[in-house]
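Structural overview
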Amino acid sequence: MITDIKIFSRQRTDGNVIGLCIDLADSIPYDCEFYYVWSDFKDNQSTIEVFDTIAYKTDVIVWVVADTFLGPHEHSWWRWKSTYGMYIINKICKKHPYKKFILMCELYNTELEVTATNLHVVYVGDQGTRDHKNRVLHQLYNPVKNKKPAKNWIMLNNNPSTHRMSALSYVMGNGLERFGDITMSTHFQERVGGFKEFSDMMYWELNASNAQLKLLSNGFNKIKQWKATNNEVSRTVAAQTMDHVGNFNNFLFNRYKDCFVEIIAETTFNEMPIAVTEKTLNSVYGFNFPIFMSNPWTVSYLRNLGFDMFDDVIDHTYDEIQNPAERLFAVFDNNMELLTQTDSMYKVWDDHKTRFSDNLNFARTKMIDVHRERAFQQLHKIIDKLQEESK
């Protein structure tokens with residue numbers, strides 16, 4: 001049971017994750033300290049590093065880290081093969097070898113980055129498929145059940161992260177923009193404009209062919225000339241109020257009516273821990289075929305959770321590619337025909353309409369319970385292990 005609670009930083013929308021984690025920690029049959037932090041990286045420091053300043057008293061410590069394990073660009077996948085946050089957490093655990101640490105987090109597959117033998121991970125559900133926090137809010141979404149033929153696909157871009165700038169460069173280098181609806185904030189275009197060439201922006205170890213490099217370079221230059229889709233109102237509303245339902249109903253609904261496929265440019269891409277946000281859920285309510293610009297095994301995770309991933313329509317083989325650059329190319333190369341279909345796309349979508357409805361029903365009725373049940377199951381296995389070790 002919890003003997004002490006300390007919340008170092010949080011967002012106003014995270015009440016449900018704190019409540020779930022407190023419920024989990026209270027079920028632990030040992031005295032434990034409970035520390036919560038919202039992960040952020042600013043002033044060259046991670047908020048997670050506060051865990052290194054605590055004088056721990058109990059033998060069992062519960063850490064809750066909300067959001068992604070952000071870090072500097074220098075902490076790259078190619079060098080570290082881990083997120084910066086998990087590098088910090090493993091290091092702290094090793095400084096306290098006789099303590100037992102239980103990390104509760106929103107990133108699936110975080111256990112793949114555990115190197116400390118006294119660290120255990122409980123996955124409490126991600127922002128997207130556990131977000132919006134209750135069934136009432138899920139009912140407020142206005143799903144896009146009817147469409148009109150316009151564009152094949154949509155790709156939403158606000159925050160100009162490296163994987164989004166690279167993906168959009170590859171899209172436009174291949175001339176795919178004429179088949180899709182691309183949103184690009186002025187902030188995104190300004191960031192691209194700050195680099196002279198694609199190579200100046202790219203810090204990845206990019207093992208690409210000359211042809212691929214040329215496509216990336218040409219597409220990058222196209223972005224500079226592109227007229228940005230000014231979604232500043234939509235972006236500001238979502239960022240300031242975290243009102244994802246209002247953002248979808250008021251700003252995204254009409255865009256989703258005009259497309260059948262979504263290239264979901266998720267928040268993270270390089271690392272193994274999977275971050276699924278409201279961007280994925282938007283595609284469910286938008287009744288779109290999903291293609292993921294996301295972490296490896298995202299599709300597998302969502303499929304195992306209970307969603308139909310339309311494997312008979314989309315080539316998701318990119319999902320198992322760990323190298324970020326190779327996965328980026330495969331996302332588009334393996335689905336080029338789907339992204340460029342025009343006349344037949346409405347029929348393909350209409351033939352699978354009931355499956356979109358099934359995904360919608362799963363999101364509204366079962367998804368939240370699945371996360372809660374799995375979290376308790378994981379914690380009970382950890383407790384069993386700790387009890388066995390104490391004999």
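Residues numbered from 1 in each chain as written. Predicted model: local features only at pLDDT ≥ 70, side-chain atom pairs only at ≥ 80, totals over all residues. Heavy atoms only, no water.

1. A closer look at the sheet that holds strand β9 (residues 180-184)
Spatial strand order, β9-β8-β10-β11: four strands in an open sheet with parallel pairing. Two strands lie at the open edges of the sheet, namely β9 and β11 (289-293), each paired on one side alone. Between one strand and the next, the sheet's axes are offset by a mean angle of 15°, whatever the strand orientation. (Pairing = 2+ DSSP bridges. Helix = DSSP H or I, 4+ residues; strand = E, 2+ residues; numbered from the N terminus. Axes fitted to C-alpha atoms, helices over the stretch in contact; angles between N-to-C directions.)

2. Points about the environment of F195
With respect to the element layout, F195 can be found in the loop between α7 (186-193) and α8 (198-201). Along the chain, F195 and V124 lie 71 residues apart, while their C-alpha atoms are 39 Å from each other. In this view, F195 contacts D200, M201, F220 and K224; residues no more than four positions away in its chain are not counted. (Contact = heavy atoms within 4.5 Å.)

3. Focus: the pattern of salt bridges
As enumerated under the stated definition, the model contains 11 salt bridges in all. The partner of D52 in a salt bridge is K95, with the nearest N and O atoms 3.0 Å apart. Taken together, the positions of D52 in the loop between β4 (45-46) and β5 (60-66) and K95 in helix α3 (residues 84-95) put the pair 43 residues apart, joining distant regions of the chain. Residue class for D52 comes out partly exposed when judged on its relative accessible area of 35%. A salt bridge links D311 to R303; the nearest nitrogen and oxygen atoms lie 2.7 Å apart. Beyond isolated ion pairs, a larger network of salt bridges with shared partners links D308, D312 and R355. (Salt bridge = Lys/Arg side-chain N within 4 Å of Asp/Glu carboxyl O. Buried < 20%, exposed > 50% of the residue type's maximum accessible area, 1.4 Å probe, protein only.)

4. Focus on the sheet that holds β5
Overall, parallel pairing links the five strands, which are arranged β1-β2-β5-β6-β7 in an open sheet. In this open sheet, the two edge strands, each paired with only one partner strand, are β1 (2-7) and β7 (119-123). The sheet shows a mean angle of 20° between the axes of neighbouring strands, taken without regard to direction. Taken together, the six bridges between β5 and strand β6 (residues 100-105) define a ladder with parallel strand orientation. The residue bridging V62 from the neighbouring strand is I102, located in β6.

5. Quick notes on the nonpolar core
Counting 76 residues, the largest nonpolar core has W153, V261, F307 and F332 as its most contacted members. Residues within four places of V261 in sequence aside, it is in contact with N152, W153, I154, N288, F289, I291, L338, L339 and M345. Core analysis: the next-biggest nonpolar cluster, separate from the first, contains 26 residues, L24, V62, V64 and I383 among them. (Core = buried A, V, L, I, M, F, W, Y, C linked by side-chain atoms within 4.5 Å.)

6. Here's the deal with the packing of aromatic side chains
A complete count under the given rule lists 28 aromatic pairs for this structure. Relative to W63, the ring of Y56 has its centre 6.3 Å away and its plane inclined at 55°; by these criteria the two rings are tilted. Across this residue pair, the class does not change: Y56 and W63 are buried. Put simply, the rings of F260, F287, F289, F310, Y346, W349 and F356 pair up and form one aromatic cluster. One residue, R327, lies across the ring of F269, its end atom 4.2 Å from the ring centre. (Phe/Tyr/Trp six-rings, centres within 6.5 Å; stacked < 30°, edge-to-face > 60°. Lys NZ or Arg CZ within 6 Å of the ring centre and 35° of its normal.)

7. Some details on helix α17 (residues 353-365)
Taking 1.5 Å per residue, 13 residues should reach 18 Å; α17 reaches 19 Å between its end C-alpha atoms and fits that length. For α17, the complete set of buried residues consists of R355, F356, N359, L360, F362, A363 and R364. (Expected span 1.5 Å × (residues − 1).)

8. Quick look at the packing of α7 against helix α9 (residues 210-225)
The N-to-C vectors of α7 and α9 enclose an angle of 125°; their axes lie 9 Å apart at closest approach. In terms of their interaxial angle, α7 and α9 are classed as oblique. Classified by chirality, the crossing of α9 by α7 is left-handed. Residues F188, Q189, V192 and G193 of α7 pack against F220, I223, K224 and Q225 of α9. (Parallel < 35°, antiparallel > 145°, perpendicular 65-115°, else oblique. Left-handed = near helix turned anticlockwise from the far one by under 90°.)

9. Details of the confidence of the model for the chain
Residues at a pLDDT of 70 or more form 92% of the chain, whose mean pLDDT is 89. Across the chain, the element-wise mean pLDDT spans from 42 in helix α10 (residues 232-241) up to 98 in β11. Taken as a whole, residues 230-241 scores under 50 in pLDDT and shows 19 contacts with residues more than four places along the chain or in a different chain. (pLDDT = per-residue confidence, 0-100.)

10. Considerations on the side chain of N109
Relative to the elements of secondary structure, N109 occurs in the loop between β6 and β7. Under the relative-accessibility criterion, N109 is labelled buried at 11%. Beyond its immediate stretch of four places on either side in the chain, N109 contacts M272, P273, I274 and W297.

11. Some points on the side chain of D181
When you line up the elements, D181 lands in strand β9. Under the relative-accessibility criterion, D181 is labelled buried at 18%. A distance of 3.0 Å separates polar atoms of two side chains, one belonging to D181 and the other to R255. What D181 contacts, discounting residues up to four positions off in sequence, is K151, W153, I154, M155 and R255. (Polar contact = N/O pair within 3.5 Å; in protein donor to acceptor, adjacent residues only side chain to side chain.)

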